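Observations on the three-dimensional arrangement
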Amino acid sequence: IARRSLGRLSKTRRPLRRLKTELSNARARRYSLQEDWPRAMRLYELARKRAFNQRFRRAVMINVGLVRRQRGTYRGAPKNFDLAIDARADDLARIAMAQAGQTAVEYRLYDDALDYFHMQLLTDPLGPYREDALWGLGWVNYRRGNFREARQFFLALLEQEPFGQKAAASVYWAARCV
């Protein structure tokens, strides 16, 4: 039903520009979940061109970065995340920093990952994404062999969220760092 509704709405005679842009983004999201990357990229590009404000354009750029990461193109993904960061300290910038750091970790570019996770902590030291940044910094330092620093980040994460989602993993990895 949803697919049929999205198709009908996008083919109406004169849909509102904003609605058509949001429909392109929604259809692109659906195609990316189905792993139909070429269609998703085409629709995301269309949504980016038609974006009605800067915030929506940045959200689309995050989605494009995620699709590029899933396709395995590391060089393109961080560029999209960097465009979404855009020197702002809002939720979209924090999400883009977290995704860029995670992308760098997946491709074992630990220097880039450290930069993104540090940037994430500096822009919002007490925010909701602090846990992800601490985990990322701990993991990257562990992979690089900096066990003392990794242990400090894992213990800081455990101290902040003793019953959080990553608490048990933090105990385990902090113990591995000894």
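Residues numbered from 1 in each chain as written. Predicted model: local features only at pLDDT ≥ 70, side-chain atom pairs only at ≥ 80, totals over all residues. Heavy atoms only, no water.

Attention now goes to the side chain of Asp90. Along the polypeptide, Asp90 turns up in the loop between α5 (76-85) and α6 (91-106). By relative accessible area, Asp90 is classed as buried at 19%. A polar side-chain atom of Asp90 sits 2.8 Å from a polar atom in the side chain of Arg58. The residues touching Asp90, leaving out its near neighbours within four places in the chain, are Arg55 and Arg58. (Helix = DSSP H or I, 4+ residues; strand = E, 2+ residues; numbered from the N terminus. Buried < 20%, exposed > 50% of the residue type's maximum accessible area, 1.4 Å probe, protein only. Polar contact = N/O pair within 3.5 Å; in protein donor to acceptor, adjacent residues only side chain to side chain. Contact = heavy atoms within 4.5 Å.)

Per-residue confidence for the protein gives a mean pLDDT of 86, with 90% of residues at or over 70. Least confident of the elements in the protein is helix α1 (residues 2-10), whose mean pLDDT is 62; most confident is helix α9 (residues 147-160), at 94. (pLDDT = per-residue confidence, 0-100.)

Two elements in contact, helix α4 (residues 54-71) and α5, have axes whose closest approach is 8 Å; the angle formed by their N-to-C orientations is 165°. Between α4 and α5, the angle falls in the class roughly antiparallel. Handedness of the α4/α5 crossing: left-handed. Together, Arg58, Met61, Ile62, Val64, Gly65, Leu66, Arg68 and Arg69 of α4 and Gly76, Ala77, Asn80, Phe81, Leu83, Ala84 and Ile85 of α5 make up the contact between the two elements. Classifying every residue of the contact of α4 with α5 gives nine nonpolar, three polar and three charged. (Axes fitted to C-alpha atoms, helices over the stretch in contact; angles between N-to-C directions. Parallel < 35°, antiparallel > 145°, perpendicular 65-115°, else oblique. Left-handed = near helix turned anticlockwise from the far one by under 90°. Nonpolar A, V, L, I, M, F, W, Y, C, P; charged D, E, K, R; others polar.)

One pass over the structure, following the stated rule, counts nine salt bridges. Among the salt bridges present, the one from Asp90 reaches Arg55, with a minimum N-O distance of 3.3 Å. Taken together, the residues span a long stretch of sequence, with Asp90 in the loop between α5 and α6 and Arg55 in helix α4 at a distance of 35 residues. Its salt-bridge partner being Arg144, residue Asp111 comes within 2.7 Å of it at the nearest N-O pair. Highlighted residues: Asp111 in helix α7 (residues 110-123) and Arg144 in helix α8 (residues 130-144), separated in sequence by 33 residues. Residue Asp111 is classed as partly exposed on the basis of its relative accessible area of 47%. When salt bridges that share partners are traced, they join Arg55, Arg58 and Asp90 into one network. (Salt bridge = Lys/Arg side-chain N within 4 Å of Asp/Glu carboxyl O.)

Here we come to unusual backbone geometry. Unusually for a residue other than glycine, Glu35 sits at a positive phi of about 60°. Considering the arrangement of structural elements, one finds Glu35 in the loop between α2 (17-33) and α3 (37-49). When its relative accessible area of 57% is taken as the criterion, Glu35 is described as exposed. In the Ramachandran plot, Arg108 falls in the positive-phi region, its phi being about 60° despite a non-glycine side chain.

Time to look at α7. Helix length check: α7 (14 residues) gives 20 Å between terminal C-alpha atoms against 20 Å at 1.5 Å per residue, within 8%. Where α7 is concerned, the buried positions are Tyr110, Ala113, Leu114, Tyr116, Phe117, Gln120 and Leu121. For α7, the angular spread of the buried residues around the axis is 170°, confining them to a single face. Relative to its buried face, α7 has exposed residues pointing more than 90 degrees away, namely Asp115 and Leu122. Elements that come into contact with the buried residues of α7 comprise α5, α6 and α8. (Expected span 1.5 Å × (residues − 1). Arc of directions from axis to C-beta.)

Right, let's get into the packing of α8 against α9. In the contact formed by α8 and α9, the axes pass within 7 Å of each other and the chain directions differ by 155°. Overall, the two elements α8 and α9 adopt an arrangement that is roughly antiparallel. The two elements α8 and α9 cross, and the hand of that crossing is left-handed. In this structure, α8 uses Arg130, Glu131, Leu134, Trp135, Leu137, Gly138, Trp139, Asn141 and Tyr142 to contact α9, whose residues at the interface are Phe147, Glu149, Ala150, Phe153, Phe154, Ala156, Leu157 and Gln160. Within the contact of α8 with α9, the residues separate by chemical class into eleven nonpolar, three polar and three charged.

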